[in-house]
Protein chains: 4
Amino acid sequence: MQFLSDNAAPVHSAVWDAMRAADAADTPYDTDALSRELDARFSSLFERECAAMWVATGTAANCLALASMVEPHGGVICHEEAHIEMDECGAPGFYLHGAKLLPAKGEGAKLTPGDIRQVLSGITRGIHQVPAQAISITQASEYGLVYSAKEIAAIAKLAAQYGLGLHMDGARFANAVASLACAPAQAAGPIDALSFGFVKNGGLGAEAIVVFDPEKAEILRWRRKRAGHLQSKGRFLAAQLLAMLDNDIWLANARAANTAAAMVAVGAGDRLIYPQQVNELFVQMNPAERAALRKQGFSFYDWNDASVRFVTSWATDPDHAAALGKAIAAL
Amino acid sequence: MQFLSDNAAPVHSAVWDAMRAADAADTPYDTDALSRELDARFSSLFERECAAMWVATGTAANCLALASMVEPHGGVICHEEAHIEMDECGAPGFYLHGAKLLPAKGEGAKLTPGDIRQVLSGITRGIHQVPAQAISITQASEYGLVYSAKEIAAIAKLAAQYGLGLHMDGARFANAVASLACAPAQAAGPIDALSFGFVKNGGLGAEAIVVFDPEKAEILRWRRKRAGHLQSKGRFLAAQLLAMLDNDIWLANARAANTAAAMVAVGAGDRLIYPQQVNELFVQMNPAERAALRKQGFSFYDWNDASVRFVTSWATDPDHAAALGKAIAAL
Amino acid sequence: MQFLSDNAAPVHSAVWDAMRAADAADTPYDTDALSRELDARFSSLFERECAAMWVATGTAANCLALASMVEPHGGVICHEEAHIEMDECGAPGFYLHGAKLLPAKGEGAKLTPGDIRQVLSGITRGIHQVPAQAISITQASEYGLVYSAKEIAAIAKLAAQYGLGLHMDGARFANAVASLACAPAQAAGPIDALSFGFVKNGGLGAEAIVVFDPEKAEILRWRRKRAGHLQSKGRFLAAQLLAMLDNDIWLANARAANTAAAMVAVGAGDRLIYPQQVNELFVQMNPAERAALRKQGFSFYDWNDASVRFVTSWATDPDHAAALGKAIAAL
Amino acid sequence: MQFLSDNAAPVHSAVWDAMRAADAADTPYDTDALSRELDARFSSLFERECAAMWVATGTAANCLALASMVEPHGGVICHEEAHIEMDECGAPGFYLHGAKLLPAKGEGAKLTPGDIRQVLSGITRGIHQVPAQAISITQASEYGLVYSAKEIAAIAKLAAQYGLGLHMDGARFANAVASLACAPAQAAGPIDALSFGFVKNGGLGAEAIVVFDPEKAEILRWRRKRAGHLQSKGRFLAAQLLAMLDNDIWLANARAANTAAAMVAVGAGDRLIYPQQVNELFVQMNPAERAALRKQGFSFYDWNDASVRFVTSWATDPDHAAALGKAIAAL
């Protein structure tokens, strides 16, 4: 009964089927019929024109998306616990050629305009200090919290005011949409680029970079190639994305993961550090309690001395989730 | 009847089976059971200790391998028509942080010690000129020619003499081994790192970086992550590599591709610019002849005004190859 | 009566004389007689073998020095208000190819082993997080405080324990030596590289990078050239450094600056946020008081809402310093 | 009697005087009165609006200028013997973050539109190949030849047609202007940026980057800082440039160097590989003849097996030049 992460979950059967169906030789790289379908499909999903490109990992998606907004001497405001700051081994520094992440504080790993202004207000030394050129927010956040359309709009307004690009790390964007129960366009808001995660949500090895200013997308095609991310059998990545979009599997999978998390949350009750919104839970728990749960067959990560993290996935067995909820309640 | 390239060929059924078998959740990144098997399997194949890592593309494999040998201020001697020089959109400049490729001339896109010395002899300006730190050779070469064990040994000797790393771009290493009919260890020779291609040869999206100095491999683990190439479901990449090694499918596939090329070569006869050794043929042909072939249903690339290129793959239908051979002979 | 900064102070007459004396043509770059003298002179000063190179700015000195210790995927622990973090427009990101600064908190912009351990203890995610490879400390610190030999030794011990390089930003190293009243070797301690500042202290445009592992210095010669910092008339930079070392002008100048600061400090009394140790003072002052001082002809920077900064230089008129001290006392 | 290079020549007395006059403390970096004068002075010289910035070396000037035109994934067409290709230790790769130099062949180290088209015609592989984004030409060329206004106009036309930036490496721009006997605006032509050399021509350590699109200059201010080239006592660099412009000393010095070269050229006669236009001569000479000249006290570099190089400077003693001319004639 695994609640460690959603990042190694199985692949959805529809994805397997679509990949097998793409086996017949087609043209290489992103010139195949499936890859050429992406722009239209994502434009339809987001109800506005965009360019969409596959890439194997969320790290590459985030960094390439940011490369369309940030010069080597620029900076990216992000939460101090954002994935790009904490978990990508300096990939943004590599992809952005030394550009600097400018960490902001914010409750629940979310940022408010006030949090962002705090960083901006510290940039006072002109040419001697890295200028902010973009903001990166995470939907849902590292603590499993979602941004409402209104919250994103407020950040976008600030970004426009300061001439900053706005990027959304959507490794769990599907879970956020499911949680917000709104249109994808609402959950994304007026951002410039989105890293739309599919791997955690039933894919095998394909994420989408969605760029809402198609002109800016051009540079990413070069940068993707240059980063060794233009796979020659790209049709298999396109197939994954399209299979997930077909019949809204992406949304159904995200709902399943969220629902499983909700079942755990019921049992966690007041132990929850943040309200359950998507598929990550941070739960106060002492060492003895952790040991007790593990003895019952539940696996999960210690987050810090005071709490543990549970993550559900699209493939989490609801019975396991229910069992975990009960087990926590019984502690 | 497609002879454009091997880079978009279908995926071998054993690879599909192995990937499906890897579906059950395992630990993420390269901590899964399959990924952890790679070092031993490749060490066994090459009859000496090495570290082996999966990565999605040959470009990433080449660049990461070189990153273990070359500092940002250094240079890499390679053939002026090498893939890293001509076809990777400057990826080595990106991965090596501005290090410079130092192009050498050489017959058939192969390099001899003399060709390499030619470049070395031009490096005379001390601190003002980029110092060579590595040599990169391609097995088989861009013109489909293989290096014998003796030829590689001579280059390795020169590399050692000048303190240079030695990298082999083995996008078609399997075809070279099949052609040389020798052990992989012989076809690789005393190199420091090998980009061992599997994608063209029946894989889906997994190449192997093989580093023969395991200590130097350490840096690549960081660099792979930093380049966004550490896929979270890495088990599916490991599964591809292992499936190809099992039962020597990699070798059988390469032989099939080479055999198909040989069937075409028979028909091409004196038109061949280089002898057929692997699965690429460069054939003299005028525009009218090209048109005639295309009219018969053969697709292939114009190489230049005087010649065209035919590439076979592991999945090329022998009947198609025979038909092409006859069609050329009949021109 | 200027107390804004020491960075635009006049050039010492001995420096002018030495530069003029170097006018006769010599060999270019760093092959001239003066440049070739540097290693020996600094080795003698520091009582151990080192390599010393001129460079035009402290930013270049810091970044090149760090380039001898840090790989592109590595990190540098430094104070969150260190010059490399706050005032160099991301130059470390440029020179270190995207390596990350890892900011630590510490009283008075100094770091203790405990402060550094705090950062190290947060690096727990293996390959997913930037590994620390060096520590950079500033002597004297951004708040004008010096490290004792004992304090540096404790940090060096920690660095050795974790296999980290140890760099000292010595933009005001001379002032620190003067304050500590010890040998330069004591004020530097067992570090790996020092950016030894001369520009603020009477030079025109020459700082010294001092590398205590001469083997590691080699890479810096390439990197300096590659950064466009190998000036063709390098003899004029060497001349500056040698002139400052001759007759211990560097020390006399630093003492003069420190003494002037002490005269101001006497007047500042309890308003001082940190004890006066070198030539920078941070003084609590309200807006009305600031205006009053400025009306009397004193220029200085506001530091924040609560305090102002006074900086003296080797050329500060003692009468001005005394006057400022009195004026503050009289507020 | 030194004819090795002009790069270590003495500093002109007017430059020394101007530097001393700038000693009085002013504001730091490029906020001083002298630095603020540069835009206007160079705009006047070039008869059109431009931004002008000091920097210590030609390498930094070239690389920063190119950074205003070339993205990290782009390429710069330059002569295969250009300084940026041969003599800057990969600095363009560093400053341009891995962008690639695309070497062209051309007589006398000059490029014609045809030479450039030759490179452009080889860029056919779309996303797989580095796209050209700029052209860099050298005025005067590495073989001492100048571009006429008409020749530059033809290249500029080609650049415009392909949307390429146009950079001029003017390390010896003054010598070219003197040789062409035209206005600086004519000798520069409709380029986007010029590295205007002063160091070889009587300066100490200051070159000018002249950017004709002031908007593009903005990025260079950040990049200069980030490269550690924003000297705090920048007033001394501005003083050098202004002193050289005053009374057209830059032009008088260049004429003196050219005249000295002409005196040598008279003696060299048919031995000259290229006609004398500026202050560099390449002269056919066998080993015995070289030895004979050196015995007479002339120092110079061997260029290759067949020829030697003589370089005069603004400070070359005309008697030495005459003597060398006679000595060569007498061989």
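Residues numbered from 1 in each chain as written. Chains lettered and ligands numbered in written order. Predicted model: local features only at pLDDT ≥ 70, side-chain atom pairs only at ≥ 80, totals over all residues. Heavy atoms only, no water.

1. Focus: the packing of helix 8 (residues 173-180) of chain C against helix 12 (residues 249-268) of chain C
Residue and element names in this part refer to chain C. Taken N-terminus to C-terminus, the directions of helix 8 and helix 12 make an angle of 75 degrees; their axes are 8 Å apart at the nearest point. Compared by their axis directions, helix 8 and helix 12 come out roughly perpendicular. Mapping the contact onto sequence places Ala-174, Asn-175, Val-177, Ala-178 and Ser-179 in helix 8 and Trp-250, Leu-251, Ala-254, Arg-255, Ala-257 and Asn-258 in helix 12. Looking at the contact of helix 8 with helix 12 residue by residue, the class counts come to seven nonpolar, three polar and one charged. (Axes fitted to C-alpha atoms, helices over the stretch in contact; angles between N-to-C directions. Helix = DSSP H or I, 4+ residues; strand = E, 2+ residues; numbered from the N terminus. Parallel < 35°, antiparallel > 145°, perpendicular 65-115°, else oblique. Contact = heavy atoms within 4.5 Å. Nonpolar A, V, L, I, M, F, W, Y, C, P; charged D, E, K, R; others polar.)

2. Considerations on the relation of the copies chain A and chain B
Once chain A has been moved 0.0 Å along the axis and rotated by 180 degrees, it coincides with chain B to within an RMSD of 0.0 Å. Classification of the inter-copy transformation places it as that of a two-fold axis. When C-alpha distances to the rotation axis are compared across chain A, the minimum falls at Ala-227 of chain A, with a value of 3.6 Å. Residue by residue, 100% of the interface of chain A is reproduced at the interface of chain B, so both copies engage with the same surface. (Least-squares fit on C-alpha atoms with pLDDT ≥ 70 in both.)

3. A closer look at the interface of chain A and chain B
Between chain A and chain B, the residue contacts involve 44 residues of the former and 44 residues of the latter. With both chains or domains summed, chain A and chain B bury close to 3800 Å², and 59% of this area falls on carbon and sulfur atoms. Together, Trp-16, Phe-94 and Lys-233 of chain A form the three largest contributors to the area buried by chain A at its contact with chain B, with a combined 21%. Counting the contacts that link chain A with chain B gives zero salt bridges. The tally of links from chain A across to chain B stands at 29 residue pairs in polar contact (both at pLDDT 80 or more). (Buried area = accessible area lost by both parts, 1.4 Å probe. Salt bridge = Lys/Arg side-chain N within 4 Å of Asp/Glu carboxyl O. Polar contact = N/O pair within 3.5 Å; in protein donor to acceptor, adjacent residues only side chain to side chain.)

4. Considering the interface of chain C and chain A
Of the residues lining the interface, 16 residues belong to chain C; the matching set on chain A comes to 16 residues. Carbon and sulfur atoms supply 47% of the area that chain C and chain A bury against each other, a total of about 1500 Å² over both sides. Three residues stand out in chain C for area buried against chain A, namely Met-86, Cys-89 and Arg-125 of chain C, and they jointly supply 34% of the buried area on that side. The residue Lys-100 of chain A makes a salt bridge to Glu-85 of chain C at a minimum N-O spacing of 2.8 Å. Looking at the side of chain C that touches chain A, the elements that each hand over two or more residues are helix 4 (83-86) and strand 3 (100-104) of chain C.

5. Things to note about the sheet that holds strand 3 of chain C
All names here are of chain C. Ordered by their spatial adjacency, seven strands build an open sheet running 1-7-6-5-4-2-3, and the pairing between neighbours is mixed. Whereas interior strands pair on both sides, the edge strands pair on one side only; in this sheet they are strand 1 (51-55) and strand 3. Averaged over all adjacent pairs, the angle separating strand axes in this sheet is 20 degrees, with direction ignored. Here four bridges tie strand 2 (residues 75-79) to strand 4 (residues 132-138), and the two strands are oriented parallel to one another. Considered in strand 4, the bridge of Val-76 is made with Ala-134. (Pairing = 2+ DSSP bridges.)

6. As for the packing of helix 2 (residues 38-46) of chain B against helix 11 (residues 235-245) of chain B
Residues and elements named next belong to chain B. The N-to-C vectors of helix 2 and helix 11 enclose an angle of 30 degrees; their axes lie 11 Å apart at closest approach. By the angle class used here, helix 2 and helix 11 are roughly parallel. The interaxial crossing formed by helix 2 with helix 11 has left-handed handedness. Contact residues: helix 2 offers Leu-38, Arg-41, Phe-42 and Leu-45, while helix 11 offers Ala-238, Leu-241, Leu-242 and Leu-245. Partitioned by chemical class, the residues of the contact of helix 2 with helix 11 number seven nonpolar, no polar and one charged. (Left-handed = near helix turned anticlockwise from the far one by under 90°.)

7. Digging into the relation of the copies chain C and chain A
Two copies of the chain are present, and they differ by a rotation about an axis and a shift along that axis. Under the fitted operation, chain C is carried onto chain A by 0.0 Å of movement along the axis and a turn of 180 degrees, and the coordinates agree to an RMSD of 0.0 Å. Comparing contact sets, 100% of the residues at the interface of chain C also lie at the interface in chain A, consistent with an isologous, same-surface contact.

8. What about the packing of aromatic side chains?
In total, this model carries 74 aromatic pairs over all chains according to the counting rule given. Here Phe-46 of chain B and Phe-212 of chain B contribute two aromatic rings whose centre-to-centre distance is 5.5 Å and whose plane-to-plane angle is 85 degrees, an arrangement assigned as edge-to-face. You can see Phe-46 of chain B sitting in helix 2 and its partner Phe-212 of chain B sitting in the loop between strand 7 (207-211) and helix 10 (214-226), a full 166 residues away along the chain. Each member of the pair, Phe-46 of chain B as well as Phe-212 of chain B, is classed as buried. One Lys or Arg, Arg-224 of chain C, reaches over the ring of Trp-54 of chain C and ends 4.3 Å from the middle of that ring. (Phe/Tyr/Trp six-rings, centres within 6.5 Å; stacked < 30°, edge-to-face > 60°. Buried < 20%, exposed > 50% of the residue type's maximum accessible area, 1.4 Å probe, protein only. Lys NZ or Arg CZ within 6 Å of the ring centre and 35° of its normal.)

9. Overview of the nonpolar core
By size, the foremost hydrophobic cluster in this structure holds 125 residues, and its most contacted members are Phe-42 and Phe-196 of chain A together with Phe-42 and Phe-196 of chain B. Sequence-distant contacts of Phe-196 of chain B, defined by excluding residues within four places in its chain, comprise Phe-42, Leu-45, Phe-46, Gly-170, Phe-173, Ala-174, Glu-207, Ala-208, Val-210 and Trp-250 of chain B. Core analysis: the next-biggest nonpolar cluster, separate from the first, contains 122 residues, Leu-102 and Leu-242 of chain C together with Leu-102 and Phe-196 of chain D among them. (Core = buried A, V, L, I, M, F, W, Y, C linked by side-chain atoms within 4.5 Å.)

10. Examining the sheet that holds strand 7 (residues 207-211) of chain D
All names here are of chain D. Taken together, the seven strands give an open sheet; going across it, the order is 1-7-6-5-4-2-3, and neighbouring strands pair in mixed fashion. Of all the strands in the sheet, just strand 1 (51-55) and strand 3 (100-104) have a single pairing partner and so form its edges. Neighbour to neighbour, the strand axes of the sheet diverge by 20 degrees on average, direction disregarded. Packing of helix 3 (residues 58-67) onto the sheet brings it into contact with strand 1, strand 2 (75-79), strand 4 (132-138), strand 5 (165-170), strand 6 (193-196) and strand 7, and relative to strand 7 it is tilted by some 15 degrees.

11. Describing the side chain of Gln-129 of chain B
Residue placement: Gln-129 of chain B occurs in the loop between helix 6 (113-121) and strand 4 (132-138). Accessibility expressed as a relative area gives 8% for Gln-129 of chain B, which makes it buried. A polar atom in the side chain of Gln-129 of chain B sits 3.0 Å from the backbone nitrogen of Arg-125 of chain B. Ignoring anything within four residues of it in the chain, the contact list for Gln-129 of chain B reads Gly-122, Ile-123 and Thr-124 of chain B, Trp-222 of chain C together with Met-86 and Cys-89 of chain D.

12. Quick look at the environment of Gly-98 of chain B
Within the secondary structure, Gly-98 of chain B sits in the loop between helix 5 (91-95) and strand 3 (100-104). Residue class for Gly-98 of chain B comes out buried when judged on its relative accessible area of 8%. Through-space distance from the C-alpha of Gly-98 of chain B to that of Pro-72 of chain B is 5.8 Å; in sequence the pair is 26 residues apart. In contact with Gly-98 of chain B, other than residues within four places in its own chain, are Pro-72 and Gly-93 of chain B, Arg-226 of chain C together with Gly-90, Gly-93 and Gly-98 of chain D.

13. Structural notes on unusual backbone geometry
For the bond from Gln-139 of chain C to Ala-140 of chain C, the omega torsion is -5 degrees, close enough to zero to count as cis. Secondary-structure assignment places Ala-140 of chain C in the loop between strand 4 and helix 7 (149-162). One non-glycine residue, Glu-47 of chain A, adopts positive backbone phi at about 60 degrees. Positive phi, close to 60 degrees, is recorded for His-97 of chain C, a residue that is not glycine. With respect to the helices and strands, His-97 of chain C occurs in the loop between helix 5 (91-95) and strand 3.

14. Quick word on the side chain of Gln-129 of chain D
Within the local environment of Gln-129 of chain D, its side chain forms a polar contact with the backbone oxygen of Gly-122 of chain D, the two atoms lying 2.9 Å apart. Apart from residues no more than four positions distant in its own chain, Gln-129 of chain D is found in contact with Trp-222 of chain A, Met-86 and Cys-89 of chain B together with Gly-122, Ile-123 and Thr-124 of chain D.

15. What about the domain arrangement of chain A?
Residue and element names in this part refer to chain A. Taken domain by domain, chain A holds domain 1 (13-249) and domain 2 (252-329). Between domain 1 and domain 2, the C-alpha centre-to-centre distance is 27 Å. The interface of domain 1 with domain 2 comprises 21 residues on the first partner and 16 residues on the second. Looking at the side of domain 1 facing domain 2, the largest losses of area belong to Tyr-143, Arg-172 and Asn-175, adding up to 34% of the total buried there. Where domain 1 touches domain 2, the interface holds one salt bridge. One salt bridge in this structure joins Glu-280 and Arg-172, with 3.5 Å as the shortest N-O distance. Taken together, the links from domain 1 to domain 2 amount to ten residue pairs in polar contact (both at pLDDT 80 or more). Here the element with the most residues in the side of domain 1 that touches domain 2 is helix 8 (residues 173-180); it accounts for five residues. (Domains from an automatic or database assignment.)

16. Considering the state of the cysteines
Evaluation of the coordinates by the stated rule reveals zero disulfides over all chains. Here Cys-78 of chain A is not disulfide-linked; the sulfur of Cys-63 of chain A is the nearest cysteine sulfur, at 11 Å. Here Cys-63 of chain D is not disulfide-linked; the sulfur of Cys-89 of chain D is the nearest cysteine sulfur, at 11 Å. (Disulfide = S-S within 2.5 Å.)

17. Remarks on the environment of Ile-135 of chain C
Residue and element names in this part refer to chain C. Considering the arrangement of structural elements, one finds Ile-135 in strand 4. Distance in space between the C-alpha atoms of Ile-135 and Ala-51 is 20 Å, their sequence separation being 84 residues. Excluding its chain neighbours within four sequence positions, the residues that come into contact with Ile-135 are Ile-77, Ile-116, Ile-155, Ala-159, Leu-164, Gly-165, Leu-166 and His-167.

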